[in-house]
Amino acid sequence: MSTQISNTTVADLATQAVVTVHANAKVGLADAKMRLADIRHLPVVDDEEQVVGIVSHRDLLVALGESLGNAVSIRSVMREDVVIVRPETRAYEAAALMLDRKIGALPVVDHSGKLTGIITETDFLRVAYELLGGRVLD
């Protein structure tokens, strides 16, 4: 592994324009946001943009499948035990966390706890694609 690759941080790979939802929002709204943005994970934030949970497309499918959609708040389907990373976390450490915990996304927060991005399986697949295709990472 080259030095450049091993020094890659979460900040280098994470999406910074993050779509979020509040815990009191309804499942239907979260589903619409995911569809519109073509994403599979939504960090759940409070009014100060602090991460209080995360909801996946799979979580929403279960709620919608149980016909709970517009009647149920995100709070009742979100996962509160959110694994987070900091922007300066090495990308390989974030990948190891995702593999070990079998999760598809990690919210990225600054030292005050404010959401600054999200890193997902897709971000790592993009890196693998570039490396396997012989392309140089920016």
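What you see is a predicted model, and the numbers here were worked out from it, not measured in a lab. (Residues numbered from 1 in each chain as written. Predicted model: local features only at pLDDT ≥ 70, side-chain atom pairs only at ≥ 80, totals over all residues. Heavy atoms only, no water.)

Focus: the pairing of strand E4 (residues 105–109)
In step 1: Across the 5 residues that make up E4, a large majority, 5, are buried.
In step 2: Residues of E4 alternate between two faces, with Ala105, Pro107 and Val109 on one and Leu106 and Val108 on the opposite face, all of them buried.
In step 3: Note: E4 against strand E5 (residues 115–120), 5 bridges, orientation antiparallel. Its bridge partner lying in E5, Leu106 is registered against Ile119.
In step 4: In this antiparallel pair of consecutive strands, E4 and E5, the connection spans 5 residues, and Gly113 shows a positive phi of 90°. (Buried < 20%, exposed > 50% of the residue type's maximum accessible area, 1.4 Å probe, protein only. Helix = DSSP H or I, 4+ residues; strand = E, 2+ residues; numbered from the N terminus. Pairing = 2+ DSSP bridges.)

Things to note about the pattern of salt bridges
Pairing between side chains of opposite charge can happen when the charged atoms of each approach one another.
In step 1: For the coordinates displayed, the defined rule picks out 4 salt bridges.
In step 2: The closest approach of N and O atoms between Asp31 and Arg35, which form a salt bridge, is 2.9 Å. With Asp31 and Arg35 both in helix H3 (residues 27–37) and 4 residues apart, this pair spans about one turn of that helix.
In step 3: For Asp31, a relative accessible area of 10% translates into the label buried.
In step 4: What makes Arg35 exposed here is its relative accessible area of 58%.
In step 5: Close ionic contact of Arg40 with Glu121 constitutes a salt bridge, the shortest N to O distance being 3.3 Å. Placement of Arg40 in the loop between H3 and strand E2 (41–45) and of Glu121 in helix H6 (residues 121–132) is noted, with a sequence separation of 81 residues between them. (Salt bridge = Lys/Arg side-chain N within 4 Å of Asp/Glu carboxyl O.)

A closer look at the sheet that holds strand E3 (residues 51–56)
In step 1: In space, the 3 strands of this open sheet follow the order E1-E2-E3, with mixed pairing throughout. The outermost strands of the open sheet, each flanked by one partner alone, are strand E1 (21–22) and E3.
In step 2: Pairing analysis gives 5 bridges linking E2 to E3, with the strands arranged antiparallel. By the bridge assignment for E3, Val45 is matched with Val51.
In step 3: The strands touched by H3 within the sheet are E1, E2 and E3, with E2 carrying the most contacts at an inclination of about 130°. (Contact = heavy atoms within 4.5 Å. Axes fitted to C-alpha atoms, helices over the stretch in contact; angles between N-to-C directions.)

Comments concerning the environment of Ala71
In step 1: By secondary structure assignment, the location of Ala71 is in the loop between helix H4 (57–65) and helix H5 (91–101).
In step 2: Assessed through its relative accessible area of 64%, Ala71 is described here as exposed.
In step 3: Separated by 44 residues in the primary sequence, Ala71 and Val27 place their C-alpha atoms 7.7 Å from one another.

A few points about the pairing of E2
In step 1: Of all 5 residues making up E2, 5 are buried, and the element is well covered by its neighbours.
In step 2: Alternating positions in E2 separate into two faces, His41, Pro43 and Val45 on one and Leu42 and Val44 on the other, with burial throughout.
In step 3: Judged from the 2 bridges that link them, E1 and E2 form a sheet pairing that is parallel. Paired with Val21 across the bridge in E2 is Val44.

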